[in-house]
Structures are given as structure tokens and as C-alpha cells.
Amino acid sequence: MENSEVGTPTEFGLKILQKLYPNIAPRAAQIHPDQTLLEEEKFSQREIDDIVKKLPNENHRDSGAKAIYTDGSKTDEGTGSAYCLLENYGIIASWQGKLDHSYSCFQTEILAIKMAIEAASSLHRPIKIWIDSLSSLMTVLNPRTHHSIVREIQTLLLSHKYIHLRWLKAHACYLGNECADQLAKEATTKGDPFFLPKPLLYLKFDIRSAAYCIWRDNWDNGETGRSTHDIVPRVSNKPVGWNREEKMFFTGHGPFPSYLHRFNLRTHENCSCGGKGDPSYYATKCWFALSWHFQTPTASLKLQWLKNILTNNLSRTRLRLLMRFICDENNLIVEDNN
Ligand SMILES: [Zn+2]
């Protein structure tokens, strides 16, 4: 394989097709990006070379011989897989499975192939399975795939040497391929629900987004931490980047009389100077902390005032010193008058 053959999977698939089936016009390859190599698979150039060597080169003919045809379908209405067994131009057996909408086109093709091979294995005689998805066929021929269903397919093929996989051009009016296509489309709405274990990656993604939704819901609709919610309205795995003092100040969870009072650790919420001992009081009014005062914001601008502190390094330093003072001189400011 020359270097010029390196390209996107789709371009690559087209080139292989043109090489293997030169009498088919390029557009006839019918490769759709979502059907081609693969969300699941990444091939190295060497692996592709090896696989191409193994791709069986045989043109399909409607001969009436017994053969199996597979197809998968994914539309807005649903996702389906199907195969049919044809002999003498008639369907003698078929299977349709309706899949969860989360399955990709590629997975529907792979499932159809697996079901077809299982059916073929009970025939105990040589049989060809015709597939119109080149990417699926290439994946099946890749010895280093990690895809679990493809692994099962490979094991089945190894123990049933009389089953042969072949590629044929889609939408070329081959009877078997048209039947399988029709059955797969039908399966998207009418097939028996078929439950496949979901890919591990998909499950991880699913669990993570479900947990994220619960977290976001709790954060948006909770009753506590509302002032922190104003400053950090969105949940995120990325740390907000606050140091210990800033966390105490912006959440109010620190050695403030207001906080200690909430948890019945004090009988009232006032500083020993007499004012309400909450974070913004110390930052603007309490005369114990005069050295680190900020300008008092109007009520309507308080949120912006807090955000401004966070975006200014000098303000953050001043805030840290203020908090250290409050922690160190806690006896002074939270002296309980009772
Ligand atoms: Zn005070």
C-alpha cells in the first residue's frame, strides 16, 4: 500500500473498493461516514494492509444458490438488524431484531453478521454470507479488534470453516441484499426488541451523564449553599481554584459567628463588636478587621462585588490576609457574651 492511500477511513474504504472492484463506479461504493471505519476501531496502516490482503474478491451473482444476506438500518424511527436466508430466489428463513436507538449503524451491521453466522453454523454445509458494509467486514477481518461482538464472530468463524463472508455492493438490485435491506428497515419499527449488552464506554458515559444531571438538579434546586450557587451557578468537575481562605469566605463556612450560630455552636450571630458576624461584614465594616477592608457594595451589586474580588489578584491577597486574621483572632471576634 502506497503512502497516498493514507486518508480518512471513508476515502480509504473507497480506494480499496475501487481497487478490488474496478468495474464499479466510485459513487457506487455507497460508503457513508457513519458506516465506515468506525467509531470503535482505529486501524494502523499495517493492519489495514494485512486486512486488505485477506478481503475476499468475489463478485456477487443472483444465482439462486443458498446464501445468507445481512443488513443493519438506523433511521429517525429506530434501529434494526436483519438477515435472510435465500434459496432459489425465495426467502426460506429470516431474523429481525429491533435495537435501542443508542446503537450505531456499525453495531447493527455487526449484530446482523453475528446472528447470520449462528444460523449458518447449524446448516453444516458450505455457505456464503453476503454483507454490504465494507467497514464491518474489515473489522471482522482485523485480528486485533477489541470489539466484543466482533471477537465472538471471529471465534465462530474459526470453528466453522465452511462459513464464508463476502462483500457485495449495496443498492445494486441484488435480490438477497434488497431483502435484507427491507427486513432491517422494517425491524427498526416492527422487530422483536433485541437487548445487547451496551458497550462499556457507552455505559460509562451514560452513568456519568446521569450522575451529572442529578448533581446539577440538586445544585440548582437545593435549599442550602444559595449564595455559593450565585457565584458558581454551574456544576463542574473542574475545581473552582479557590484556596482554603477563599472557600471559607465565599461559602460562609468558616469561623464566623453567623455560621457557628446556625449550628448552635453559639447563642447569637453577632461579632463581639456588635454587628452581624458574616463574611461581608468582616470584609467591609467590622473595625477589628479595618486593615483589610473592601469598599462596601450596594445590595444590588453585592454579587458582582464578590465576583470582582475573585478576578483581582490584589483583592484575593487582601481577602486571604483578612481570613487569616479572623482565624487567628477567633477568640477576639467570636467571644460569646453569654
Ligand atoms: Zn466585629
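The rules behind the values
- All chains use their own residue numbering, which begins from 1 and follows the written sequence.
- Restriction of local features to residues with pLDDT of at least 70 applies here, the model being predicted, together with a cutoff of 80 or more for giving and counting side-chain atom pairs; totals for whole chains, interfaces and linings are based on all residues.
- Runs of H or I in DSSP of at least four residues are treated as helices and runs of E of at least two as strands, each being numbered from the N terminus.
- Counting other C-beta atoms within 10 Å of each residue's C-beta, where C-beta atoms are placed from the backbone, gives the exposure class: buried for 20 or more, exposed for 12 or fewer, partly exposed between.
- To define a nonpolar core, we join buried Ala, Val, Leu, Ile, Met, Phe, Trp, Tyr and Cys residues through C-beta atoms within 7 Å and take the resulting set.
- This entry defines residue contacts through backbone-placed C-beta atoms, with two residues in contact when those atoms are within 7 Å.
- Orientation is described by axes fitted as lines to C-alpha atoms, over the contacting stretch for helices, and by angles from 0 to 180 degrees between their N-to-C directions.
- Each angle gets one of four labels, with under 35 degrees taken as roughly parallel, over 145 as roughly antiparallel, 65 to 115 as roughly perpendicular, and the rest as oblique.
- Each residue gets one of three labels, nonpolar for Ala, Val, Leu, Ile, Met, Phe, Trp, Tyr, Cys and Pro, charged for Asp, Glu, Lys and Arg, and polar for the others, Gly among them.
- Any two strands between which DSSP finds at least two bridges are classified as paired.

The subject of this paragraph is the environment of serine 104. Tracing the backbone through its elements, the reader meets serine 104 in the loop between strand E3 (90-99) and helix H3 (105-121). Exposure remark for serine 104: the 19 C-beta atoms within 10 Å place this residue in the partly exposed category. When the C-alpha positions of serine 104 and glycine 72 are compared, they lie 9.4 Å apart, and in sequence the two are 32 residues distant.

Time to look at the nonpolar core. If you look at the biggest cluster of nonpolar residues, it comprises 37 residues, and the most contacted ones within it are Ile68, Tyr69, Ala82, Tyr83, Cys84, Ile113 and Ile129. Every residue in contact with alanine 82, bar those within four places of it in the chain, is listed here: Asp71, Ser94, Trp95, Gln96, Ala112, Ala180, Leu183, Ala184 and Ala187. With 13 residues, the next largest nonpolar core counts Tyr282, Ala283, Cys286 and Ile333 among its residues.

A word on the packing of helix H12 (residues 302-311) against helix H13 (residues 313-328). As a packed pair, H12 and H13 sit with axes 5 Å apart at the nearest point and diverge in direction by 100°. Between H12 and H13, the crossing angle belongs to the class labelled roughly perpendicular. In this structure, H12 uses Asn308, Ile309 and Leu310 to contact H13, whose residues at the interface are Ser315, Arg316 and Leu319. Residues belonging to the contact of H12 with H13 are distributed by class as follows: three nonpolar, two polar and one charged.

Once that is clear, we can look at the pairing of strand E1 (residues 67-74). Looking along a regular strand, one sees side chains alternate from face to face of the sheet. Of all eight residues in E1, eight are buried; the element is thus mostly enclosed. Here E1 shows a buried face lined by Ala67, Tyr69, Asp71 and Ser73 and a second buried face lined by Ile68, Thr70, Gly72 and Lys74. The pairing of E1 with strand E2 (residues 79-87) spans eight bridges and is classified as antiparallel. Looking at E2, one finds that alanine 67 is bridged to leucine 86. In this structure, the hairpin formed by E1 and E2 is closed by a connection of four residues. Bridging between E1 and strand E4 (residues 127-131) involves four bridges; their strand directions are parallel. Looking at E4, one finds that alanine 67 is bridged to lysine 128.

Note on placement: leucine 183 falls in helix H6 (residues 175-190). When the 26 C-beta atoms within 10 Å are taken as the criterion, leucine 183 is described as buried. Beyond its immediate sequence surroundings of up to four residues, leucine 183 is in contact with Ala82, Cys84, Ser94 and Gln96.

To continue, consider the packing of helix H9 (residues 244-251) against H13. Packing of H9 against H13 brings their axes to within 9 Å, and their N-to-C directions diverge by 85°. Taken together, the axes of H9 and H13 lie roughly perpendicular to each other. Residues Glu245, Glu246, Met248 and Phe249 of H9 form the contact with H13, whose own contacting residues are Arg316, Leu319, Arg320, Met323 and Arg324. For the contact of H9 with H13, the per-class residue count stands at four nonpolar, no polar and five charged.

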